[in-house]
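Observations on the three-dimensional arrangement
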Amino acid sequence: MTDAQKAMSDKTVLQIKGLCVALAGRGGKQLLRDVDIEVKAGEITCVVGESGSGKSLTAYSVMGLLDPESLRCTAGEILLEDENVLTVTPRRLRELRATRMSLIFQEPMTALNPVERIGAQIEEVLEIHCSDDARTRRRRVLEMLEAVHLPDPQRIFDSYPHQLSGGQRQRVVICMALILNPKLLIADEPTTALDVSTQKQILALIRELQQKFNTAVLFITHDFGVVVDVADKVVVMNQGEVVETGSRDEILRSPRNDYTRMLVSSVPSLVPQSREAVTGDVVLSIKGLSKIFVRRRILRPSTVVEAAVDCDLTLHRREILGIVGQSGSGKSTLARCVIGLETPSAGRIVLAGEELVNARGNAFRERFRRIQMVFQDPYRSLNPRVRVGESIIEGPTNFGVPRAFAMERAKSLMELVGLPVSALDRFPHQFSGGQRQRISIARALIMEPEVLVADEAVSALDVSVQARILKLLESIREKTDVGLLFITHDLRVAAEICDRVIVMNKGRIVEHGSAEAVLVHPRDAYTRALIDAAPGRHWDFRNFRPL
Amino acid sequence: MLLFYVLRRILAALPVMVLVAIIVFAALRLTPNDPATIMAGEDATEAQLEAIRVSMGLDQSILVQLGTWLQRLATGDLGVSLISGAPVLDLIGDRIGPTIALSTSSFLFTMMVAIPLGVLASRKPGHLVDRALMGLSTLGLSLPVFVIGYVLMYAFAISFRWLPVQGYEPLSSGFWAHAQRLIMPSLALSGAYIALVARMTRSSIIEVKGEDYIRTARAKGATETAILIRHALRNAAIPIVTVVGAGVASLITGVVVTESVFNLPGLGRLVVEAVLARDYPVIQALILLFSFIYILVNLIVDILYTVFDPRIRY
């Protein structure tokens with residue numbers, strides 16, 4: 001690095017000073033208090049925090065994208081290279097967007113206009129800010145598509161968003177954001193919606209371009225693994241305030257603030273503790289299970305999707321068996337077959353010695369009691385208009401248990417899942433995500449199931465809440481003898497809670513074994529790639545040190 | 001692929017048309033009137049009536065009658081009017097001009113007014129302009145065509161004397177003569193239609209404006225007008241096109257009333273005349289024609305979906 005380059009890279013691009021944001025209207029609630037953040041050229045500053053910490057709000061304030069109807073900045077300034085974006089004219093603000101500061105979003109699936117071709121959408125940036133002729137615009141867009149390593153830029157240029165994968169769409173969004181070489185790039189959870197292997201590539205791309213253009217990056221994330229991999233500096237936010245700022249190593253090795261310590265140490269390690277193998281009765285066994293979706297069409301070839309092929313597994317009582325894999329690996333299909341939401345195309349499912357596939361009458365009905373499921377999204381899996389207590393006892397009353405009796409059981413379950421008995425009289429919206437997931441667990445347990453299927457049951461939760469729910473599941477299997485089929489895309493969570501792990505890829509089981517064997521000494525190439533892509537895999541968060 | 005789809009849709013429409021034909025036929029046979037009496041008049045003798053029945057095939061069983069009628073339909077023979085004896089096809093040909101003029105002008109007027117109104121209302125949901133426009137649209141939806149028609153007539157024809165009270169002039173007698181007699185009928189006929197389309201435009205745009213790609217467009221530095229035209233409207237188009245299509249049904253029923261109110265010699269009036277005279281062949285033909293138009297409009301709507309949204313492929 002020459003001195004001139006060094007001087008440039010030391011230059012502060014973004015300075016947020018004492019930023020306060022409140023809900024519009026007199027006495028509106030304060031959402032951000034006194035936020036100070038500084039980002040230098042060529043540097044990635046990560047803003048970390050849990051949901052509601054105000055990290056995204058900060059990002060949108062910088063871009064001037066807060067909805068003026070509902071939010072307003074009450075104090076402070078945001079200096080973008082000495083220009084206060086809070087006081088510039090709307091016209092100037094529009095000029096600054098995409099030329100000096102850009103934004104990439106969390107959801108690549110919805111960030112692009114579905115009815116316009118990719119090329120035209122990127123060209124729009126040039127149409128707004130430059131006076132290039134059509135041919136130059138096309139050339140510049142194609143060059144930039146090349147720079148974000150999209151294969152066959154010509155084809156991508158003429159495609160619609162729905163014809164691209166999530167990772168490709170995120171590359172398009174990055175291309176759009178960086179085509180005018182802005183000084184500041186704001187990335188709002190840019191990889192949260194992507195699979196780990198895609199996430200790894202996108203992070204590498206952001207790193208590469210950021211170094212090439214010497215861009216200052218404000219990187220919003222909830223994931224400490226990502227922080228380890230990309231951050232130069234870290235800003236920790238909680239409830240609208242900055243609680244700690246420091247270099248990556250300072251925050252990860254020796255956090256001073258209690259909240260930061262709690263947050264960092266809640267991140268599960270990728271290396272599982274050794275556990276004793278759970279032996280004893282097999283409660284669920286699956287043999288040669290396949291689920292093949294065939295869509296027959298007239299005058300066109302049928303499409304065949306092999307969602308699950310020849311899957312075998314056994315689950316013991318009191319055992320937690322993890323099924324891991326990326327989206328589309330077939331792990332949810334397997335779970336849906338187990339609980340009876342899908343009928344398998346082939347294979348056997350045996351629950352405590354009883355065949356379930358093609359079961360009729362009582363056995364068919366009983367499976368819906370004996371196998372219960374906890375779903376991913378605690379915000380949508382409870383009926384918002386029904387009191388929690390009623391939701392919980394609906395299952396047993398369907399099976400003929402008297403109401404009063406079921407309600408008594410619900411009360412005792414509240415204690416088990418760590419909620420007050422009064423929760424039964426309230427409605428779902430009065431609870432946080434973690435509490436709702438506890439309610440969902442109670443709803444499943446009241447049926448006294450033998451198998452509990454948890455489909456990404458902690459994926460939508462913040463790490464600190466996640467840690468508590470995992471502890472709860474652990475204690476439940478101790479107390480109830482239930483066998484737990486734990487489906488997750490998150491290897492850290494699997495390492496934290498599972499006794500044994502099954503790895504799925506493209507509908508097939510590629511590896512299975514004890515959590516330690518699979519996650520520490522993987523034999524299959526796909527498992528290795530999966531572990532390798534896990535962000536921050538060389539860091540032991542619980543003990544504040546590298547592995 | 002699209003051509004293939006259109007062909008398939010037309011084939012699928014045929015059974016619907018046949019079903020409509022059968023229902024129309026059956027409904028008319030259920031009314032307590034004897035076509036022979038209508039033709040022969042009150043004073044006819046029983047022998048005369050019998051002769052007419054035989055000549056019309058009315059002595060046959062109802063299924064045979066239906067079969068004969070469908071068979072003739074298939075060859076394009078819609079029969080002759082019981083009253084005037086003229087071929088039904090000729091009757092329709094004579095009267096279709098005013099109806100086409102009226103519905104086309106109402107349709108265009110609706111599009112020109114309703115979509116801008118919807119856009120205007122969507123700019124600030126819940127604010128004064130929005131509430132005023134949506135209040136007006138509720139009024140438009142609830143006022144029957146004939147009420148709007150007579151109010152307009154009283155105001156513009158009788159009080160101000162700006163426009164002729166009623167009647168029709170073909171385009172061949174001069175554009176203004178043609179147009180000035182269409183203004184009030186079109187306004188009356190468009191009322192409910194405008195309300196419907198404006199409402200859907202408003203709610204559809206409000207919904208689209210919350211989408212992520214609108215935020216992306218803002219982050220690109222696009223102006224609000226550019227966002228509206230380039231990103232919001234096209235994405236909002238599908239529900240709008242759907243109600244525009246569905247609204248054609250209300251246009252068809254509206255035509256019947258409007259033509260009567262403003263004394264336009266179109267198909268709507270022909271329907272009324274035929275019904276009052278129990279002129280079965282004419283009624284059957286007209287209902288079939290209207291349902292055919294409705295099916296056609298739905299097909300056009302489905303094809304427009306693919307134009308507005310590249311994700312939809314048939």
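Residues numbered from 1 in each chain as written. Chains lettered and ligands numbered in written order. Predicted model: local features only at pLDDT ≥ 70, side-chain atom pairs only at ≥ 80, totals over all residues. Heavy atoms only, no water.

Attention now goes to the packing of helix H5 (residues 88-123) of chain B against helix H12 (residues 280-308) of chain B. Residues and elements named next belong to chain B. Packing of H5 against H12 leaves a shortest axis separation of 10 Å and a crossing angle of 60°. Judged by the inter-axis angle, H5 sits oblique to H12. When the axes of H5 and H12 are compared, the crossing they make is right-handed. Two secondary-structure elements touch here, H5 through Val88, Leu91 and Ile92 and H12 through Pro281, Val282, Ala285, Leu286 and Leu289. (Axes fitted to C-alpha atoms, helices over the stretch in contact; angles between N-to-C directions. Helix = DSSP H or I, 4+ residues; strand = E, 2+ residues; numbered from the N terminus. Parallel < 35°, antiparallel > 145°, perpendicular 65-115°, else oblique. Left-handed = near helix turned anticlockwise from the far one by under 90°. Contact = heavy atoms within 4.5 Å.)

Turning our attention to the domain arrangement of chain A. All names here are of chain A. If you check the domain split of chain A, you get domain 1 (3-109 + 183-265) and domain 2 (282-546). Distance from the C-alpha centre of domain 1 to the C-alpha centre of domain 2: 35 Å. If you look at the interface, domain 1 gives 22 residues, while domain 2 gives 17 residues. Between domain 1 and domain 2, a total of about 1800 Å² is buried, with carbon and sulfur atoms accounting for 59% of that surface. The largest per-residue losses of area from domain 1 upon contact with domain 2 belong to Asp195, Val196 and Arg253, which jointly make up 26% of the total buried on that side. Inspection of the region where domain 1 meets domain 2 yields one salt bridge. Across the pair Lys200 and Asp532 runs a salt bridge, and its minimum N-O distance is 3.0 Å. The interface formed by domain 1 and domain 2 holds seven residue pairs in polar contact (both at pLDDT 80 or more) in total. Secondary-structure elements contributing two or more residues to the side of domain 1 that touches domain 2 are helix H8 (196-213), helix H9 (224-230), helix H10 (248-253) and helix H11 (258-265). Here the side of domain 1 that touches domain 2 is composed, by residue class, of nine nonpolar, five polar and eight charged. (Domains from an automatic or database assignment. Buried area = accessible area lost by both parts, 1.4 Å probe. Salt bridge = Lys/Arg side-chain N within 4 Å of Asp/Glu carboxyl O. Polar contact = N/O pair within 3.5 Å; in protein donor to acceptor, adjacent residues only side chain to side chain. Nonpolar A, V, L, I, M, F, W, Y, C, P; charged D, E, K, R; others polar.)

The tally for this structure, following the rule as stated, stands at seven aromatic pairs over all chains. Consider the rings of Phe364 of chain A and Phe368 of chain A, whose centres lie 5.4 Å apart with planes at 85°: the pair is edge-to-face. In this pair, Phe364 of chain A and Phe368 of chain A both sit in helix H13 (residues 361-370), four residues apart, roughly one turn of the helix. The class for Phe368 of chain A is partly exposed, based on a relative accessible area of 34%. Summarising the aromatic geometry, the rings of Phe25 of chain B and Trp69 of chain B are spaced 5.6 Å apart at their centres and angled 25° between planes, so their arrangement reads as stacked. Separated by 44 residues along the polypeptide, Phe25 of chain B in helix H1 (residues 2-30) and Trp69 of chain B in helix H4 (residues 62-74) bring together distant segments of the chain. Taken individually, Phe25 of chain B and Trp69 of chain B each receive the classification buried, so the pair is uniform in this respect. For Arg261 of chain A, the ring lying beneath its charged end belongs to Phe544 of chain A, and the centroid distance is 4.6 Å. The ring of Phe399 of chain A carries Arg365 of chain A above its face, with NZ or CZ at 4.6 Å from the centroid. (Phe/Tyr/Trp six-rings, centres within 6.5 Å; stacked < 30°, edge-to-face > 60°. Buried < 20%, exposed > 50% of the residue type's maximum accessible area, 1.4 Å probe, protein only. Lys NZ or Arg CZ within 6 Å of the ring centre and 35° of its normal.)

Moving on, we come to the pairing of strand E13 (residues 320-324) of chain A. All names here are of chain A. The buried count for E13 comes to five of five residues, which makes it a mostly enclosed element. Across five bridges, E13 lies against strand E18 (residues 483-488) in parallel orientation. Bridge assignment links Val324 to a residue of E18, and that residue is Thr488. Sheet topology note: the E13/strand E19 (residues 500-505) ladder contains four bridges and is parallel. Looking at the pairing, Leu321 lines up with Arg500 of E19. (Pairing = 2+ DSSP bridges.)

With that settled, the discussion passes to the UniProt feature "domain: ABC transporter" (unreviewed entry) in chain A. When the UniProt feature table is mapped to this numbering, "domain: ABC transporter" (unreviewed entry) covers residues 14-264 and 284-531 of chain A. Helix and strand shares over residues 14-264 of chain A are 39% and 26% respectively, and the end C-alpha atoms of the span are 26 Å apart. (UniProt positions renumbered as here; feature names shortened; annotations may be inferred.)

Residue and element names in this part refer to chain A. Strand order in the open sheet formed by six strands is E16-E17-E18-E13-E19-E20, with mixed pairing between adjacent strands. Bordering the open sheet on either side are strand E16 (371-374) and strand E20 (508-514), each of which pairs with just one other strand. For this sheet the average axis-to-axis angle between neighbouring strands, irrespective of direction, equals 20°. One ladder, built from six bridges, connects E19 with E20; its direction is antiparallel. Bridging from a neighbouring strand, Ile502 pairs with His512 of E20.

Of the residues lining the interface, 29 residues belong to chain A; the matching set on chain B comes to 23 residues. For the chain A and chain B pair, buried surface summed over both sides reaches about 2400 Å², with 56% attributable to carbon and sulfur atoms. The largest share of the area that chain A buries against chain B comes from Pro114, Val115 and Glu124 of chain A, three residues that together contribute 23% of it. For the interface between chain A and chain B, the tally reads three salt bridges. Measuring nitrogen to oxygen at the nearest pair gives 3.0 Å for the salt bridge that ties Glu127 of chain A to Arg230 of chain B.

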